[in-house]
Amino acid sequence: MMQSGGLRGRGGSFSIPAVFVYAIWITVLGVATGDPGKLAVTALLTGLPGLLLGYRRFKLLVILIVFSLVGTFINMLLLYNTGDVVASIGPIVVREEAWRRTLSLDLRIVTLAGAGLLVSANISPRDAVRSLESELGLPRGLAFSLAFALRMLPLVYKDLQEVLGVRRMRGYRRIPLTPGDYRSLLMPLLSISIERGLWVGIAAELRGLSIRPRRRVRPRFKPMDLLLIALGVVQSLVVASLVGV
Amino acid sequence: MEHKARYFLDMVDRVIALRSGRIAGSWGSGELDHTLERLEELGADAGGYSYRDPRSVQGDVVLEATDVEAGYPGRVVARLGELTLRRGEVLALVGPNGGGKTTLLKTLAGLQKPLAGSINGGRTFYMPQHPDYMFLFNTVRREVEEVKRLTGVDITMLGPAFSWINSVMDRSPYRLSHGQRRWLALAIALASNADVYLLDEPTTGIDVSLYRSLSPVFEELRRRAGVVVATHDVRVVAEHADRVYMVLDGVAREVDKSDAVGWLERAWR
Amino acid sequence: MESRSYTGVDFALLGVAGVIAAIIFTAAWQVWYALSALGPLARPFSVGLWFTGSIIAAALIKKPGAAFLGETLGALIEAILPTPGGLWNLVYGILQGAFAELGYRILGYREWGVKAGILAGALAGIGELLASLIYYREFFEAVKEVGGEVGLTTPVLVLVYWLVANMFSGALYGGVAAAAVRAARE
């Protein structure tokens, strides 16, 4: 399920703030409209490229997203199959309402997941923290929290594996189905991470986390960012209905 | 702050022993010769170890591994040519940090699939390095009850050294002292009635009196099953191990016990 | 009265809450898919797992803002990881965190234990509903129809069902998370 995001260099084609702002903007567009025709454009221009770029590093996730598209369709068939018949595949009759609603929702899922994957595929966690802090104005303390959390991620993931292993050894199910299971997973993870956190926090305090002034850097853009701007404008115009689809 | 005082006595000017929040003793550099003994009386880990000659054990074979490659897809961390463990035998895995001891231990425990080779044997129980991983419930009482429910073993009856457990029954296991958590984790392991126990660094950060109180549990584990212990602790190897494998540069090889003890001594200094 | 400004230790504990929340959130997707398979009416019962970033942070730090920041940080890490929700996760995090924060505020920022966790978790369910109503609005309209068939006659009742299920799930996992912090904290 988890890939601890191998730290990549800064050599991406797009600047980090441009990718962030683009992904946020497309996410807003994808939620703003429910029109299948408009969502088809955002899914095609952002969603699909995002899924394809993300597939290399987040294979399992992309497969999961495809599954959820099918799941939405099945749910809609069960719930909302009214109107004219659109298609019939063997014994399954697909009617207009189910089809239209599935289409809207699935195209939105593709759009938003693709936008998110564009961020994850282009920006390493470390660069994300740096950019959020120095270019996008995330407060210093929070940037420290985020950086510390991301640094601990592989450790906590390893803790989780140890705890799951012990659960198996002691004869309990690995998947935390009940709230009690959930608590028994949470307690050891917390106990160990709190210990780590206290020392790191004290060290940060001693090094003067709260008094060191923040260094603001103006975002540095790259030529390829123009492509993102162009794509963003096109999709904005489509969603705002200035271009008929 | 360090429990393994004997390795640091050469470097310090003054030794101060704390006990129950009070200064129990203080010695200047002139009297360091007596300090070790005094510290050991107070229960700090100043002392050495007694070397026990390896036994030759004739119990039934509980774990057998051949040509094992342990690691992750595309990355072999440790190789092991041949390993046979008998009931009643303690096998120590030693070697530098990051050398693949834990990965090998988990592979032998069956928590990780070997990349190559075969591992056969009885039921295994792996005990992780941090005792906190072992607890599943929010009070000691629930832990004790669940262990009893699943295994039929009442771990409060394990012996007089374990009598403190009755006074902490309603506490969270995570709020016990580090040593008590080790004790409880080992007791839970013991109750599982496995054929093979695989212990990852079971003595990290415990003082000498606690170490002494853990020793009977090791002995009990050994009496019932085969034990594989990954450790840096020269005491564990010298006093408990029958055989020693050293994991060096990704290869585990059987070495002579006295050589291994010597190596651990040098690595500490 | 303790200082309300955050120290280095507070920010580190916020990181702890964030990373553990993110790991739980990532795992929660599996529970969510499992419950989704049971049908749309079962789905809301898993959402409480997603509110626990706020409860863990508040129970650890015990200062105003912790619930909001912990939930948002967990959602941000979840978005970076990434998970199927993409950056919309942040909207969930911000709304859930804001409503959980409201719970601690109602109690005057004096209670940080199990009871406060139950209240904050229940309130976070409102935030989840708002974010879901926007994202899944086509689906929500569909559920209105099903509601008609299973006896929930009006859209208002469907909304109430959804909200109650959300708040129940939030209160359950909120209480459990607060208890876990109490057991683990030394």
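Predicted model, so just to flag it, every value in this text is computed and none were measured. (Residues numbered from 1 in each chain as written. Chains lettered and ligands numbered in written order. Predicted model: local features only at pLDDT ≥ 70, side-chain atom pairs only at ≥ 80, totals over all residues. Heavy atoms only, no water.)

**Section: the overall build of chain A**
Helices and strands together make up the secondary structure of chain A, namely eight helices and two strands. Within chain A, buried positions represent 51% of all 245 residues. The long-range share in chain A, meaning contacts at least 24 apart out of those at least 6 apart in sequence, stands at 75%. Carbon and sulfur atoms make up 67% of the accessible area of chain A, which amounts to about 11700 Å² in all. (Helix = DSSP H or I, 4+ residues; strand = E, 2+ residues; numbered from the N terminus. Buried < 20%, exposed > 50% of the residue type's maximum accessible area, 1.4 Å probe, protein only. Contact = heavy atoms within 4.5 Å. Areas by Shrake-Rupley, 256 points an atom, 1.4 Å probe, with all protein chains shown as cover.)

**As for the overall build of chain B**
Helix and strand counts for chain B stand at seven helices and 11 strands. Per-residue burial over chain B gives 52% buried out of 269 residues. By element, 49% of the accessible surface of chain B is carried by carbon and sulfur atoms, the whole surface being about 12100 Å².

**Brief notes about the nonpolar core**
Membership of the largest hydrophobic core comes to 198 residues, with the highest contact counts inside it found for L190(A), I155(B), I20(C) and I56(C). If one sorts the elements of this core by residue count, helix α1 (residues 8-38) of chain C sits on top with 18 residues. (Core = buried A, V, L, I, M, F, W, Y, C linked by side-chain atoms within 4.5 Å.)

**Some details on the interface of chain B and chain A**
In this assembly, 24 residues from chain B lie in contact with 16 residues from chain A. Both sides of the chain B and chain A interface together cover about 2000 Å² of buried area, and 59% of this is carbon and sulfur. Linking chain B with chain A are two salt bridges. Here E162(A) ties to K106(B) by a salt bridge, and the two come within 2.6 Å at their closest N and O atoms. Our count for the chain B to chain A interface comes out at eight residue pairs in polar contact (both at pLDDT 80 or more). Elements that contribute at least two residues to the side of chain B that touches chain A include exactly α2 (101-109), β7 (124-127), α3 (140-151) and α4 (178-191) of chain B. It is α3(B) that contributes the most residues to the side of chain B that touches chain A, five residues altogether. Its residues assigned to classes, the side of chain B that touches chain A shows 14 nonpolar, four polar and six charged. (Buried area = accessible area lost by both parts, 1.4 Å probe. Salt bridge = Lys/Arg side-chain N within 4 Å of Asp/Glu carboxyl O. Polar contact = N/O pair within 3.5 Å; in protein donor to acceptor, adjacent residues only side chain to side chain. Nonpolar A, V, L, I, M, F, W, Y, C, P; charged D, E, K, R; others polar.)

**A short note on the interface of chain C and chain A**
Taken residue by residue, the interface counts 57 residues in chain C and 63 residues in chain A. In total, about 5300 Å² of surface goes out of reach between chain C and chain A, with carbon and sulfur atoms giving 79% of it. At the junction of chain C with chain A, the criterion picks out zero salt bridges. At the boundary of chain C with chain A, the tally comes to eight residue pairs in polar contact (both at pLDDT 80 or more).

**Quick word on the sheet that holds strand β4 (residues 75-86) of chain B**
All names here are of chain B. The mixed open sheet is built from nine strands, whose spatial order is β6-β3-β4-β11-β10-β5-β9-β8-β7. Only two strands of the sheet have a single neighbouring strand rather than two, namely β6 (116-121) and β7. Strand-to-strand twist in this sheet, taken as the mean axis angle between neighbours without regard to direction, amounts to 20°. Of the strand pairs in this sheet, strand β3 (residues 61-72) and β4 are connected by 10 bridges, and their pairing is antiparallel. By the bridge assignment for β4, E64 is matched with T84. Contacting β7 and β8 (196-200), α4 runs over the sheet at an angle of about 175° to β7. (Pairing = 2+ DSSP bridges. Axes fitted to C-alpha atoms, helices over the stretch in contact; angles between N-to-C directions.)

**Regarding helix α2 (residues 36-55) of chain A**
Residue and element names in this part refer to chain A. Taking 1.5 Å per residue, 20 residues should reach 28 Å; α2 reaches only 24 Å between its end C-alpha atoms and comes up short. At A43, α2 is bent by approximately 45°, the largest bend along its length. When α2 is considered as a whole, its buried residues turn out to be P36, K38, L39, V41, T42, A43, T46, G47, G50, L51 and G54. Its side-chain oxygen at 2.8 Å from the backbone nitrogen of G37, D35 defines the N-terminal cap of α2. (Expected span 1.5 Å × (residues − 1). Bend = angle between axes of the 7 residues up to and from the residue.)

**Things to note about the pairing of strand β2 (residues 92-95) of chain A**
Where strand β1 (residues 85-89) of chain A meets β2(A), four bridges bridge the pair, whose relative direction is antiparallel. The residue of β2(A) that forms the bridge with I89(A) is I92(A).

**A closer look at the pattern of salt bridges**
Residues and elements named next belong to chain B. Summed over the entire model, instances satisfying the criterion amount to 22 salt bridges over all chains. Here D195 ties to R87 by a salt bridge, and the two come within 3.2 Å at their closest N and O atoms. Here D195, found in the loop between α4 and β8, pairs with R87, found in the loop between β4 and β5 (90-94); they are 108 residues apart in sequence, far enough to count as distant. According to the relative accessible area criterion, D195 is partly exposed, its value standing at 22%. As a salt-bridge pair, E89 and R243 come within 3.3 Å of each other at their nearest N and O atoms. Pair noted here: E89 is in the loop between β4 and β5 and R243 is in strand β10 (residues 243-248), with a separation of 154 residues, a long-range link. Here R243 falls in the buried class, since its relative accessible area comes to 18%.

**A look at helix α5 (residues 125-134) of chain A**
Since the α-helix turns once every 3.6 residues, residues separated by three or four places project in the same direction. Taking burial as the measure, the 10 residues of α5(A) include eight buried ones, the bulk of the element. Every buried residue of α5(A) is accounted for by P125(A), D127(A), A128(A), V129(A), S131(A), L132(A), E133(A) and S134(A). Contacts from the buried residues of α5(A) go to α1 (16-32) and α6 (140-170) of chain A together with α3 (66-80) of chain C.

**Concerning the packing of α3(C) against helix α4 (residues 88-106) of chain C**
Residue and element names in this part refer to chain C. Following both chains from N to C, one finds α3 and α4 inclined at 165°, their axes separated by 7 Å at the closest point. One element, α3, and the other, α4, form an angle in the roughly antiparallel class. Judged by the twist between their axes, the crossing of α3 over α4 is right-handed. Facing A66, A67, F68, E71, T72, A75, L76, E78 and A79 of α3, the residues of α4 in contact are N89, L90, G93, I94, Q96, G97, A98, A100, E101 and Y104. (Parallel < 35°, antiparallel > 145°, perpendicular 65-115°, else oblique. Left-handed = near helix turned anticlockwise from the far one by under 90°.)

**Regarding the side chain of E146(B)**
With respect to the helices and strands, E146(B) occurs in helix α3. Contacts of E146(B), omitting those with residues within four sequence positions, involve Y172(A) and F137(B).

**A word on the environment of A98(A)**
All names here are of chain A. Residue position: A98 is located in helix α4 (residues 96-122). With 18 residues separating them in the primary sequence, A98 and Y80 have C-alpha atoms 5.2 Å apart. Apart from residues lying up to four places away in sequence, A98 is in contact with M76, L77, Y80 and N81.

**Points about the confidence of the model for chain A**
Per-residue confidence for chain A averages 83 on the pLDDT scale, and 90% of its residues sit at or above 70. Note on residues 1-11 of chain A: pLDDT is under 50 here. Beyond four places in sequence and across chains, it has 31 contacts. (pLDDT = per-residue confidence, 0-100.)

**Comments concerning a positive patch on the surface**
Where like charges cluster on the molecular surface, the positive patch consists of R171(B), R175(B), K62(C) and R182(C). Tracing the backbone through its elements, the reader meets K62(C) in the loop between α2 (52-61) and α3. Look at K62(C) and you get partly exposed, because its relative accessible area is 46%. (Patch = residues over 30% accessible without salt bridge, like charges linked within 9 Å, V, L, I, M, F, W, Y side chains within 5 Å. Lys, Arg positive; Asp, Glu negative; His and termini not counted. Charge placed at Lys NZ, Arg CZ, Asp CG, Glu CD.)

**Overview of unusual backbone geometry**
Residue and element names in this part refer to chain B. Of note, the phi angle at N193 is positive, near 55°, even though the residue is not glycine. Mapped onto the fold, N193 is located in the loop between α4 and β8. Positive phi values are uncommon outside glycine, yet D249 reaches one of about 50°. Mapped onto the secondary structure, D249 falls in the loop between β10 and β11 (251-255). Judged by its relative accessible area of 77%, D249 falls in the exposed class.

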